[in-house]
Amino acid sequence: MSTKLPIISLPNLHISEHEPLSKHTSYAIGGEARWFARVSDVSILPELFREIGRLGIPWYVLGGGTNTLPGDEGFDGLVVAIADRTISIEGSCISAAAGASFAVLVHTAVTAGLTGMEWAFGIPGTVGGAVRGNAGAFGGQTADVLEYADVCNPDTGVVTRMTRADFAYTYRWSILAEKRGVIMRAVFLLTSSTSAECKKRLDELLATKKDTQPLGARCAGCVFKNILTAGLPASLIPPEYKGKDRIHAAWLLDRAGVKGTRCGGAHFSEKHANF
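Residues numbered from 1 in each chain as written. Predicted model: local features only at pLDDT ≥ 70, side-chain atom pairs only at ≥ 80, totals over all residues. Heavy atoms only, no water.

Student: Pulling in residues and values, what's your account of the overall build of the protein chain?
Tutor: Of regular secondary structure, the protein chain possesses 5 helices and 17 strands. With the principal axes as the frame, the protein chain shows a C-alpha extent of 60 × 50 × 35 Å. In the protein chain, the share of contacts with a sequence separation of at least 24, taken over all contacts with a separation of at least 6, comes to 59%. Accessible area of the protein chain: about 14000 Å², with a carbon and sulfur share of 54%. (Helix = DSSP H or I, 4+ residues; strand = E, 2+ residues; numbered from the N terminus. Contact = heavy atoms within 4.5 Å. Areas by Shrake-Rupley, 256 points an atom, 1.4 Å probe, with all protein chains shown as cover.)

Student: Talk me through the side chain of Ser95; I want residue IDs and the actual numbers.
Tutor: By the secondary structure assignment, Ser95 is in strand β6 (residues 93-97). Looking at Ser95, the relative accessible area reads 12%, which means it is buried. Beyond its immediate stretch of four places on either side in the chain, Ser95 contacts Thr86, Ile87, Ser88, Arg185, Ala186 and Val187. (Buried < 20%, exposed > 50% of the residue type's maximum accessible area, 1.4 Å probe, protein only.)

Student: Can you break down the environment of Val110 residue by residue, with the values?
Tutor: Along the chain, Val110 turns up in helix α2 (residues 102-111). Spatially, the C-alpha atom of Val110 lies 43 Å from that of Ile7, the residues being 103 residues apart in sequence. Ignoring any residue separated from it by four or fewer positions in sequence, one finds Val110 in contact with Glu118, Ser195, Cys198, Lys199 and Leu202.

Student: Give me the lowdown on the sheet that holds strand β1 (residues 13-20), citing residues and values where you can.
Tutor: The strand order across the open sheet built from 4 strands is β1-β2-β4-β3, with neighbouring strands paired in mixed fashion. Every interior strand has two partners, whereas the edge strands, β1 and β3 (59-62), have only one. On average, each strand axis in the sheet is inclined to that of its neighbour by 25°, with strand direction left out of account. Here 6 bridges tie strand β2 (residues 32-39) to strand β4 (residues 75-82), and the two strands are oriented parallel to one another. Of the residues in β4, the one forming a bridge with Ala37 is Val80. Strand contacts of helix α1 (residues 45-55): β1, β2, β3 and β4, with the helix running at about 170° to β4, the strand carrying the most contacts. (Pairing = 2+ DSSP bridges. Axes fitted to C-alpha atoms, helices over the stretch in contact; angles between N-to-C directions.)

Student: I'd like a description of the sheet that holds strand β5 (residues 87-90), backed by residues and values.
Tutor: Pairing in this open sheet of 5 strands is antiparallel, and the strands run β5-β6-β12-β10-β11 from one edge to the other. The outermost strands of the open sheet, each flanked by one partner alone, are β5 and β11 (159-163). The average angle at which neighbouring strand axes cross in this sheet is 20°, direction not considered. With 5 bridges connecting them, strand β10 (residues 146-152) and β11 associate as antiparallel partners. Note that in β11 the partner of Val151 across the bridge is Thr160. Lying over the sheet, α1 contacts β10, β11 and β12 (182-189), oriented at roughly 160° with respect to β12.

Student: Account for helix α4 (residues 195-212), with residues named and values stated.
Tutor: Between its terminal C-alpha atoms α4 stretches 26 Å, which fits the 26 Å expected from 18 residues at 1.5 Å a residue. Every buried residue of α4 is accounted for by Cys198, Leu202, Leu205 and Lys209. Down the axis of α4, the sector holding all buried residues measures 65°, keeping them to one side. Away from the buried face of α4 by more than 90 degrees, exposed residues Ala196, Asp203, Lys210 and Asp211 are located. For α4, the secondary structure elements touched by its buried residues are α2 and β7 (114-115). (Expected span 1.5 Å × (residues − 1). Arc of directions from axis to C-beta.)

Student: Can you explain the pairing of β10? Please cite residues and give values.
Tutor: Across the 7 residues of β10, 5 count as buried, placing the element largely inside the fold. Relative to β12, β10 runs antiparallel, the two being bridged by 6 bridges. Note on β12: the bridge partner recorded for Ala149 is Ala186. Linkage of β10 to β11, two consecutive antiparallel strands, is achieved through a turn of 6 residues, within which Gly157 is found at a positive phi near 80°.

Student: Any chance you could break down the packing of α2 against α4 for me, citing the residues and the numbers?
Tutor: In the contact formed by α2 and α4, the axes pass within 8 Å of each other and the chain directions differ by 140°. Between α2 and α4, the angle falls in the class oblique. Along its contact with α2, which presents Val106, Val110 and Thr111, the element α4 presents Ser195, Cys198, Lys199 and Leu202. Class assignment of the residues belonging to the contact of α2 with α4 gives a composition of 4 nonpolar, 2 polar and 1 charged. (Parallel < 35°, antiparallel > 145°, perpendicular 65-115°, else oblique. Nonpolar A, V, L, I, M, F, W, Y, C, P; charged D, E, K, R; others polar.)

Structure below.
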C-alpha cells in the first residue's frame with residue numbers, strides 16, 4: 001500500500017495517520033490505524049464512501065469502540081470514526097446521529113419526559129452500534145423503540161431509509177450482520193411522560209446496576225449472548241430456566257468457575273461473570 005493517502009477533501013472530515021486504536025476502544029487495546037478519519041457530520045458519508053471506493057482503500061467503520069477488539073498489529077487501511085453526536089427531539093420522537101452516545105441519548109429523552117428507553121442507560125457504545133446489533137438490557141431492546149434509520153450503502157453511496165421491519169430484528173441481531181450498510185442516523189418513537197417519572201425509573205435501574213455490575217471498569221458491558229431456550233432439548237435446559245425464554249450467559253459462566261479468572265491484563269469480573 002502507498003505510504004500516503006490520496007487526498008480526500010470533504011467538509012467535516014479530518015484524517016490523521018498512525019492513530020492508536022487503543023485510544024478509541026473501551027478495552028483500551030489495539031495497534032495503529034494507518035489512517036483515521038473523523039466524520040463530524042454524517043451527511044458526508046455517501047460521498048466519503050464513493051471516494052474510498054474510487055481509491056480502493058481498505059476501510060472499517062468504528063463506533064464507540066465497544067465489542068471491538070483490534071489486533072496489536074493495527075489496521076493497514078482507513079478507519080472511519082463517526083463523530084457526529086447530534087441529538088434532536090420532535091414530539092415523541094428523538095433523533096440521533098450514529099455517533100451519539102447511546103447513554104446520552106437516553107439521558108436526553110428522560111430529561112425531556114420521554115419514556116421507553118430507560119433500560120438502555122449505561123449500555124456502552126453509540127446509537128449506530130445499538131441499532132445495528134439490537135442492543136438491549138432489563139427486558140428492553142432497540143427493536144422495541146426504533147422508528148427508522150437512514151443507512152448508507154458503502155459500495156454505492158446510496159442512502160436507504162430502513163424501518164424497524166426492514167432490520168428483521170432478532171435477539172442481538174439485525175439484517176446488517178449480513179447486508180452491507182453504515183447507519184447514519186436513527187429515529188426512535190417514545191411515549192410522553194414526565195421527567196420525574198422517567199428519572200424515577202432510571203434511578204431504579206441504576207441501583208440494580210450498581211448492585212450487580214462492575215460499573216466504571218474498562219469493558220464492553222455484558223460480552224456473551226444469553227442462550228435462547230427455543231429449540232433446545234429439554235435435557236439441556238437447567239431446572240432454574242424451565243419455562244423461560246433464555247438462559248443467562250452470566251449464570252453459565254458463574255457455574256463454569258470463571259469469575260476472577262485472569263489472562264495477562266484481562267479478567268472476568270468477580271462481581272458479574274459476563275463482564
